[in-house]
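Each chain is listed here by its residues.
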Amino acid sequence: MRKMFLTAGVIALLGGALPLAAQQAADAVQPEVATSRAEVEGVSPALAAALSAKGLGQPVEAQNWMVAAANPLAVEAGADVLRQGGSAADAMVAVQAVLGLVEPQSSGLGGGAFLVWYDAETGELTTLDGRETAPLAARPTLFQDEAGEPLKFFDAVVGGRSVGTPGTPALMEAAHRRWGRLDWAPLFDRAIALAEDGFTVSPRLAEQIAADADRLGRYRDTANYFLPGGTPLAAGDVKKNRPYARTLAALAEGGAAEFYTGAIGKTIARVVQEAEGNPGVLAEIDMALYEVRERPAVCVPYRAYEVCGMGPPSSGALTVGQILGLVSGHDMAALGPDSPEAWRLIGDASRLAFADRGRYMADSDFVPVPVKGLVDAAYLEERAKLLDTDAALGDVAPGNPGFDHAWADDDSIEFPSTSHISIVDSAGNALSMTTTIENGFGSRLMVRGFLLNNELTDFSFRTHADGVPIANRVEPGKRPRSSMAPTIVMQGGKPVLVIGSPGGSRIIGYVAQAVIAWADWGMNVQQAVSMGHGLNRFGTFDLEEGTDAAKLQEPLEAMGFEVSVQGLNSGLHGIAIGETLQGGADPRREGIALGE
Ligand code: GLY
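Residues numbered from 1 in each chain as written. Predicted model: local features only at pLDDT ≥ 70, side-chain atom pairs only at ≥ 80, totals over all residues. Heavy atoms only, no water.

Draft legend 1. Spotlight on the site of the ligand. Arg131, Glu455, Asp458, Ser482 and Ser483 are the nearest of the eight residues found near the ligand. Ser482 has a polar side-chain atom sitting 2.6 Å from an oxygen atom of the ligand. Here the ligand loses 100% of its free accessible area of 200 Å² to cover by the protein chains. Grouping the amino acids of the shell around the ligand by side-chain chemistry returns one nonpolar, two polar and five charged. (Near = heavy atom within 4 Å. Polar contact = N/O pair within 3.5 Å; in protein donor to acceptor, adjacent residues only side chain to side chain. Areas by Shrake-Rupley, 256 points an atom, 1.4 Å probe, with all protein chains shown as cover. Nonpolar A, V, L, I, M, F, W, Y, C, P; charged D, E, K, R; others polar.)

Below, the structure is given as structure tokens:
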């Protein structure tokens, strides 16, 4: 066993607040700090090799199976399952259970997730929606004060008000029921042992605790866990979480019913409703009624591929698909990754896509969403004519994707936390899952060893703009619009790339860029996830500091863009499927890819 130090290729520090667009207030802020190096105690030789590969910018190669996720301990748990012949769904259960312990700020049992699945036996692609859901008692004015004005973001987030019914435990069980090969209960063994014996607090977790200490200190159970004796946990501390071990044991024994209709669900409802200073309305009935929804994947053609992902209530696949569709008429391969023209096209395609996202995309079980129209080839071809210029676009408005429903533009606030898991198993099944509790540390309410989400703040705080309703307003039983974009790229009916990222609404740009880098610029999956980012969602072109992307500042400014050079904290995890499996893990975070 060795001790590894990994120097990250890119150090993405906490970005400052950017100019806010009217329709998407604090979408532009990212509160998560990236770590400059990952320190992992007692790593196995396979893990050490994976860490070295990432450090050198090389993909990890394997023949049979592979798993890529945000923390080596979680990846090793998944690798154990795959080594025993488990399916990608089995491995996901083990990975998620460990992530909830070692990366509790980003995802866990108290959150929600979207999963895209390629089934090697049937050749079919499907998605599972485990998104958190608004309680039945939630009203459209949930995030407004008595005067009808939107609450300040953190006044809404911290406490019970923002907590939606968690979906992740139900999603884990639904995926295992459909596609699992191994028994359910032992999939939790690794996480239970780590929770009982203690895990080593990573630098990234420690940095995030220190940065959020004030908010983490607000509720006693949360403070006791993250700030024992008033001092933030430090990197290298060995931390036990016995309540989490007991929760996992209950889930392992009794399945998701134990979570939703047993003592855990009751405690969640009580803690939410009794949250001092900011109680919520989540009730036992909401827990009991929760269901995972299977939905068709949204696929958009790009070059020789179909880029497939999660439709509403996520805006992920539609917006990624729009960006790719809008640039598809241009020879991105010939332009190459250093060309300002390529980035002008990507940036303004993204702005056009975000304008449509803000108006049309929400939970399609509640409001009509023109899913087909938004990625219709003729619509995108027409809209792409706006890019036939050599300068930055001025004002950008939503298009008309053959839809006569008048919505106002959304003003939802969405901060990035979240985590992404990519897995390919030895039978050739592929799983792409993005999982979240929304803001770093979610609502800051901790129940039985895990944090509760603040996902409801992904709804628009306003219900109307100038008397016109907003599609993504709060409604009882509705799921808040997401940006999560778990993606599987298909070619000839087979998966060739599994990828996704955290990053709030920046997820969309991170994933679209990685697909272009891989498909057009000939990058391997590690290069595609490592390259510097350029993103434009609402008018400011964000370029990643400390990377080649920052060199685009001058030429993009000369084209008329407002440019901000800053840390861009993606967490891309991808697996390319060819003659071998090649895995890539984002150097901005602590994750790895591992395979055999
Ligand atoms: N809360 C992050 C997302 O769903 O996009």
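Draft legend 2. Seen up close, the packing of aromatic side chains. Scanning all chains against the criterion turns up 13 aromatic pairs. On the basis of an interplanar angle of 10° and a centroid distance of 4.4 Å, the ring pair of Trp117 and Trp179 is categorised as stacked. Placement of Trp117 in strand E5 (residues 112-118) and of Trp179 in helix H5 (residues 168-179) is noted, with a sequence separation of 62 residues between them. For Trp117, a relative accessible area of 1% translates into the label buried. (Phe/Tyr/Trp six-rings, centres within 6.5 Å; stacked < 30°, edge-to-face > 60°. Helix = DSSP H or I, 4+ residues; strand = E, 2+ residues; numbered from the N terminus. Buried < 20%, exposed > 50% of the residue type's maximum accessible area, 1.4 Å probe, protein only.)

Draft legend 3. Region of the structure containing the nonpolar core. Among the nonpolar cores identified, the biggest contains 115 residues, and Leu115, Phe188, Phe226 and Ile268 are the most heavily contacted of them. The greatest single-element share of this core, amounting to 12 residues, is contributed by helix H3 (residues 88-102). Among residues more than four places away in sequence, those in contact with Phe226 are Pro104, Ile209, Leu216, Thr231, Pro232, Leu233, Phe441, Met446 and Leu451. Among the nonpolar cores identified, the runner-up in size contains 59 residues, and Ile346, Leu380, Ala514 and Trp521 belong to it. (Core = buried A, V, L, I, M, F, W, Y, C linked by side-chain atoms within 4.5 Å. Contact = heavy atoms within 4.5 Å.)

Draft legend 4. Representation of the pattern of salt bridges. Applying the stated criterion across every chain yields a total of 30 salt bridges. Across the salt bridge formed by Arg215 and Asp212, the nearest N and O atoms sit 3.0 Å from each other. Here Asp212 falls in the buried class, since its relative accessible area comes to 8%. Notably, a salt bridge pairs Asp356 with Arg383, separated by 3.6 Å at the nearest N-O pair. Here Asp356, found in helix H16 (residues 340-360), pairs with Arg383, found in helix H18 (residues 377-384); they are 27 residues apart in sequence, far enough to count as distant. There is no split in this pair, since Asp356 and Arg383 are both buried. Here the salt bridges share partners, and the residues they tie into one network are Asp129, Glu291, Arg293, Arg295, Asp365 and Arg479. (Salt bridge = Lys/Arg side-chain N within 4 Å of Asp/Glu carboxyl O.)

Draft legend 5. Representation of the sheet that holds strand E6 (residues 125-130). An order of E9-E6-E5-E13-E12-E4-E25 is seen for the seven strands of this open sheet, with the pairing classed as antiparallel. Pairing within the sheet leaves two strands with one partner each, and these edge strands are strand E9 (293-295) and strand E25 (592-595). Shown here is a sheet whose adjacent strand axes are inclined to one another by a mean of 15°, direction ignored. Across three bridges, E6 lies against E9 in antiparallel orientation. Opposite Asp129, over in E9, you have Arg293 as the bridge partner. Helix H2 (residues 72-83) contacts strand E4 (66-69), strand E12 (419-424) and E25 of the sheet and is inclined by roughly 160° relative to E4. Where H5 meets the sheet, it contacts E5, E6, E9 and strand E13 (430-436), and its direction lies at approximately 150° from that of E6. (Pairing = 2+ DSSP bridges. Axes fitted to C-alpha atoms, helices over the stretch in contact; angles between N-to-C directions.)

Draft legend 6. Representation of the state of the cysteines in the model. Scanning all chains against the criterion turns up one disulfide. The partner cysteine of Cys299 in its disulfide is Cys308, sulfur to sulfur 2.1 Å. Handedness here is read from the sign of the S-S torsion; for Cys299 and Cys308, about 115°, the answer is right-handed. Cys299 sits in the partly exposed class, given a relative accessible area of 32%. When its relative accessible area of 2% is taken as the criterion, Cys308 is described as buried. (Disulfide = S-S within 2.5 Å.)

Draft legend 7. Layout of the sheet that holds strand E20 (residues 534-536). Across the sheet, three strands lie side by side as E20-E21-E22; this open sheet has mixed pairing. The sheet is open, and its two borders are formed by E20 and strand E22 (562-566), each paired with just one other strand. Neighbouring strand axes in the sheet, compared pairwise and without regard to direction, differ in orientation by 25° on average. Sheet strands touched by H16: E20 and strand E21 (540-544). Its angle to E20, the strand with the most contacts, is close to 35°. Contacting E20, E21 and E22, helix H19 (residues 506-519) runs over the sheet at an angle of about 135° to E20.

Draft legend 8. Geometry of the layout of surface pockets. Taken as a whole, the largest pocket holds about 420 Å³ of empty space. Considering the residues around the largest pocket, the lining is formed by 19 residues, among which Arg220, Asp221, Thr222, Val271 and Met446 are closest to the centre. Considering every element that reaches the lining of the largest pocket, the biggest residue donor is helix H9 (residues 220-226), with four residues. (1 Å grid on protein atoms, 1.4 Å probe; cavity = no way out; pocket = protein on both sides within 12 Å on 5 of 7 lines; lining within 4 Å. Points joined across faces, edges and corners; volume = space filled by probe spheres on them.)

Draft legend 9. Highlighting a positive patch on the surface. On the surface, a cluster of positive charge is contributed by Lys240, Arg242, Arg246 and Arg448. Tracing the backbone shows Arg242 in helix H10 (residues 242-254). (Patch = residues over 30% accessible without salt bridge, like charges linked within 9 Å, V, L, I, M, F, W, Y side chains within 5 Å. Lys, Arg positive; Asp, Glu negative; His and termini not counted. Charge placed at Lys NZ, Arg CZ, Asp CG, Glu CD.)

Draft legend 10. How the structure looks around the pairing of strand E11 (residues 305-309). Counted residue by residue, E11 has four buried out of five residues, so it is predominantly covered. In this sheet, E11 lies alongside strand E10 (residues 298-302) in antiparallel orientation, the contact comprising five bridges. Along E11, the bridge assignment pairs Tyr302 with Tyr305. In sequence, E10 turns back onto E11 through a hairpin of two residues, with Arg303 there showing a positive phi of about 55°.

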